[in-house]
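# Architecture and fold: a report
Below are the chains, spelled out letter by letter.
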Amino acid sequence: MACATQAAGHVWAPLDLARPVHGLMLSGATRDTGICYCRRTLLYDSVVLGTGQLGEWSKDWLKLNAVCPYYTMFPLDFPLDHLRLYPDARRVLDPFCGRGTTLYAARLAGRQAVGIDINPVAVAVARAKTVQASPVAVVQLAKRILRDMGEVDIPEGEFWDWGFHPCTLREVAALRDGLRTCTDTPTAQLLRALLLGVLHGPRNKGAPSYLSNQMPRTYASKPAYAVRYWRMHALDPVRVDTLDVIKRRADHVLNDCPPRTPGRVVLGDAARSVMALRQRFDMVITSPPYYGMRTYVADQWLRNWFIGGASEVPYGSEGQLARQSSQAAFVSALADVWRAAASRCRPQGRLVIRFGALPSAKVSPEELMVASLRQAGAGWLVRDVRPVGVPSRHRRQAEQFNGSGRVVGRAVDEVDVTAELVPTRGRR
Ligand SMILES: C[S@@+](CC[C@H](N)C(=O)[O-])C[C@H]1O[C@@H](n2cnc3c(N)ncnc32)[C@H](O)[C@@H]1O
């Protein structure tokens, strides 16, 4: 399974914080902020873990996690490795939960989790990770919506003429309307996530897996580029039977799922939503928006339309943390989140962060992250910083895209940071 720490044929165990660490150089220790910054100067301990930890679960249990791709999602191994290190961490928080990988890892590990994200597409996918319903119930709901469809709000324009066969588009639009108006049950949440996952993707031989004309699966092409592409390649949209795709996908994803554990996903700004939580957490596992990555919603514009957004690309992306006007503002916004998280964590709670920066941003993710923890002044003691390495092509969490969506640049520079909450004067 994709695990960024498996680069170069080794599996590096995450640092055991209970053991003394050799090769650590203490630098930047500050009394006023309560943060010490310990940086490893030697190579990491190589503790071979074996063949990968996901083998423990039935392969079918892992399918729901892959219900819909999400840009800069981290591999399931990442939160699982850290949950395994802290068996006593019963409550887990992810303030930038994306597609809900941390929540799903918590479910597999039998822990409780709360996720937060400001992108409604991320929230729709993440919610599906916390619920349960049978494939039969999901298909029945889809059938009912399609059977009862009355007047449907169908988007118009060149993109829509080329993007979907008219009969398929009518079904997709009916499901969109139906899911927006029906009660938000677990069955509806799972049907929504399944549909988000099959809404666009490559055309394949045999029974179609996706509803759209030829498109990438991870992100939606911009309309002008997509229309040019379809025209140039004379790719007329083919009729895809929406219900048939839903049935096959529901059977594949939902046939056997892990038991659920209490889990909740909040749509909102990380710092504000964390402050509004009443629980105390033992652990925070998260991956903030990558520096320079401003298009989490714009790249998912078609999925955003499906859950009720506009039928155009929403370039504004309200509230996205990476849209700060300067590096200092970005660091300060992150510091607010770490401060809020500290106020909701028990002493000795852990904070595990994977963070990256686009090469075009020309910044060190490590420096940005440590600066934000320092600025929070909330008692996060940085215990370990390590580069993620360069996993194989298909295992990268993020790659650089150009405007047309093709991968053009080198892999994004990523770092894993682990911190522990230590008491500071004046902290509650
Ligand atoms: C690196 S992604 C997280 C990916 C996640 N770990 C996963 O596996 O899917 C960062 C997420 O932060 C979210 N985000 C950006 N600004 C935010 C804010 N102010 N509050 C909450 N979430 C925010 C983005 O929408 C994006 O989903």
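Refer to the preceding data block for the structure.
Residues numbered from 1 in each chain as written. Predicted model: local features only at pLDDT ≥ 70, side-chain atom pairs only at ≥ 80, totals over all residues.

## Concerning the packing of helix α4 (residues 135-147) against helix α9 (residues 242-254)
It is the contact of α4 with α9, at a shortest axis distance of 9 Å, that shows an interaxial angle of 160°. With respect to their mutual orientation, α4 and α9 come out roughly antiparallel. Remark: the crossing between α4 and α9 carries right-handed chirality. Note on element contacts: α9 touches α4 through L243, I246, K247, A250, D251 and L254, opposite P135, V138, V139, A142, K143 and L146. (Axes fitted to C-alpha atoms, helices over the stretch in contact; angles between N-to-C directions. Helix = DSSP H or I, 4+ residues; strand = E, 2+ residues; numbered from the N terminus. Parallel < 35°, antiparallel > 145°, perpendicular 65-115°, else oblique. Left-handed = near helix turned anticlockwise from the far one by under 90°. Contact = placed C-beta atoms within 7 Å.)

## Here's the deal with the site of the ligand
Around the ligand lies a shell of 23 residues, among which M73, F96, G98, T101 and N119 are the nearest. For the shell around the ligand, the class distribution of residues is 13 nonpolar, seven polar and three charged. (Near = placed C-beta within 6 Å. Nonpolar A, V, L, I, M, F, W, Y, C, P; charged D, E, K, R; others polar.)

## Concerning the pairing of strand β9 (residues 413-421)
Each regular strand shows side chains that alternate between the opposite faces of the sheet. For β9, a buried count of eight out of nine residues is recorded, marking the element as mostly surrounded by other parts of the structure. Pairing geometry for strand β7 (residues 345-357) and β9, over eight bridges, is antiparallel. Bridge pairing links I353 to V417 in β9. Across seven bridges, strand β8 (residues 380-387) lies against β9 in antiparallel orientation. Paired with D384 across the strands is T418, a residue of β9. (Buried ≥ 20, exposed ≤ 12 C-beta atoms within 10 Å, placed from the backbone. Pairing = 2+ DSSP bridges.)

## Observations concerning helix α2 (residues 101-108)
Across the eight residues that make up α2, a large majority, eight, are buried. Residues of α2 that are buried: T101, T102, L103, Y104, A105, A106, R107 and L108. Residue G110 follows α2 closely and has a positive phi angle near 75°.

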